[in-house]
Amino acid sequence: MAEKKTKSFILRIDAETMDAIEAWAADEFRSTNGQLQWIITEALRKAKRLPKKKKGSTNETERETED
């Protein structure tokens, strides 16, 4: 299985927005970082900006529709 590479960067965000993200993360049992990653991934998916998966690999949306 291929390892995912990650990049670190600094994000400046106002306190009120950060409080809302932290509360949302707690509600979803995620870390704040995990919640931000999920929000970004969902936005990219909805905008059809995620890179195409190679044929033969299963992505999250395919698994969700199989249930």
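Before going into details, it helps to say that this report is about the structure given with it.

## Details of unusual backbone geometry
Here comes step 1: With phi around 55°, Phe 29 is a residue other than glycine that occupies positive phi space.
Here comes step 2: If you trace the backbone, Phe 29 turns up in the loop between α1 (15-27) and α2 (32-46).

## Points about the packing of aromatic side chains
Here comes step 1: A full pass over the atoms with the stated rule returns one aromatic pair.
Here comes step 2: Each ring, one from Trp 24 and one from Trp 38, has its centre 5.6 Å from the other, and the planes form 85°; the classification is edge-to-face. Residue Trp 24 is located in helix α1, and its partner Trp 38 is located in helix α2; the two are separated by 14 residues in the primary sequence.
Here comes step 3: Look at Trp 24 and you get partly exposed, because its relative accessible area is 36%.

## Remarks on a nonpolar patch on the surface
Here comes step 1: Where nonpolar side chains cluster on the molecular surface, the patch consists of Phe 9, Leu 11 and Ile 13 and spans about 320 Å² of accessible area.
Here comes step 2: Mapped onto the secondary structure, Leu 11 falls in the segment before α1.

The rules behind each value
Residues numbered from 1 in each chain as written. Predicted model: local features only at pLDDT ≥ 70, side-chain atom pairs only at ≥ 80, totals over all residues. Heavy atoms only, no water. Helix = DSSP H or I, 4+ residues; strand = E, 2+ residues; numbered from the N terminus. Phe/Tyr/Trp six-rings, centres within 6.5 Å; stacked < 30°, edge-to-face > 60°. Buried < 20%, exposed > 50% of the residue type's maximum accessible area, 1.4 Å probe, protein only. Patch = residues over 30% accessible without salt bridge, like charges linked within 9 Å, V, L, I, M, F, W, Y side chains within 5 Å. Areas by Shrake-Rupley, 256 points an atom, 1.4 Å probe, with all protein chains shown as cover. Salt bridge = Lys/Arg side-chain N within 4 Å of Asp/Glu carboxyl O.

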